[in-house]
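Structure assessment
Listed below, chain by chain, are the residues.
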Amino acid sequence: MEIIKFSAEWCGPCKAYKNIFDKVVSKYSDITVIEADVDKDAGITVKYGIISVPTTIIAKNDVELDRITGLILERDLKSTIDKYINI
């Protein structure tokens, strides 16, 4: 499973979300984490149709399982990841 976090350097909510995201994903050893800057990583940004940041995509084998748009709480990110951890 992979988690792709889309953000931008100029995005205030992205900066706040970084600490939440990093803390949560550090607890999962079997997840691949990809961090993409929407201004620098156009290919993956277009591929997933990202129109706002922060956006977090949970995917497996290049198939999107879930999409979280905006700043969310640590517990909400964890519960979303946990829904897909054994798929």
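What this report covers is the structure whose coordinates are included nearby.

Reading guide: rules and limits
Residues numbered from 1 in each chain as written. Predicted model: local features only at pLDDT ≥ 70, side-chain atom pairs only at ≥ 80, totals over all residues. Heavy atoms only, no water. Salt bridge = Lys/Arg side-chain N within 4 Å of Asp/Glu carboxyl O. Helix = DSSP H or I, 4+ residues; strand = E, 2+ residues; numbered from the N terminus. Disulfide = S-S within 2.5 Å. Buried < 20%, exposed > 50% of the residue type's maximum accessible area, 1.4 Å probe, protein only. Pairing = 2+ DSSP bridges. Core = buried A, V, L, I, M, F, W, Y, C linked by side-chain atoms within 4.5 Å. Contact = heavy atoms within 4.5 Å.

**Considerations on the pattern of salt bridges**
Under the counting rule described, the total for this entry stands at 10 salt bridges. Where Asp22 meets Lys18, a salt bridge forms, and the shortest distance between an N and an O atom there is 2.6 Å. Within this pair, Asp22 and its partner Lys18 are both found in helix α1 (residues 12–25), separated by four residues, close to a single helical turn. A salt bridge links Lys23 to Glu74; its shortest N-O distance comes to 3.5 Å.

**Brief notes about the state of the cysteines**
Within this structure, the stated rule accounts for one disulfide. Linked covalently through their sulfurs, Cys11 and Cys14 form a disulfide whose S-S length is 2.4 Å. Judged by the sign of its S-S torsion, about 80°, the cystine formed by Cys11 and Cys14 is right-handed. Taking relative accessible area as the criterion, Cys11 reaches 4% and is therefore assigned buried.

**Brief notes about the pairing of strand β3 (residues 55–60)**
Counting buried residues along β3, five of its six residues qualify, which places the element largely inside the surrounding structure. Note that strand β1 (residues 2–7) and β3 share five bridges and pair antiparallel. Within the sheet, the bridge partner assigned to Phe6 lies in β3 and is Thr55. Where β3 and strand β4 (residues 63–69) come together, six bridges link them in antiparallel fashion. Looking at the pairing, Ala59 lines up with Glu64 of β4. Linking β3 to β4, which pair antiparallel, is a turn of two residues; within it Asn61 sits at a positive phi near 50°.

**Overview of the nonpolar core**
Met1, Ile3, Phe21, Ile31, Ile58, Leu77 and Ile81 are the most contacted members of the largest nonpolar core, which totals 14 residues. Those elements giving two or more residues to this core turn out to be α1 and α3 (74–84). Looking at which element gives the most residues to this core, the answer is α1, with four residues. Excluding anything up to four places from it in sequence, Leu77 contacts Tyr17, Ile20, Phe21, Val24, Ile68 and Ile72. Residues Val38, Ile50, Val53 and Ile57 belong to the second largest nonpolar core, which totals 12 residues.

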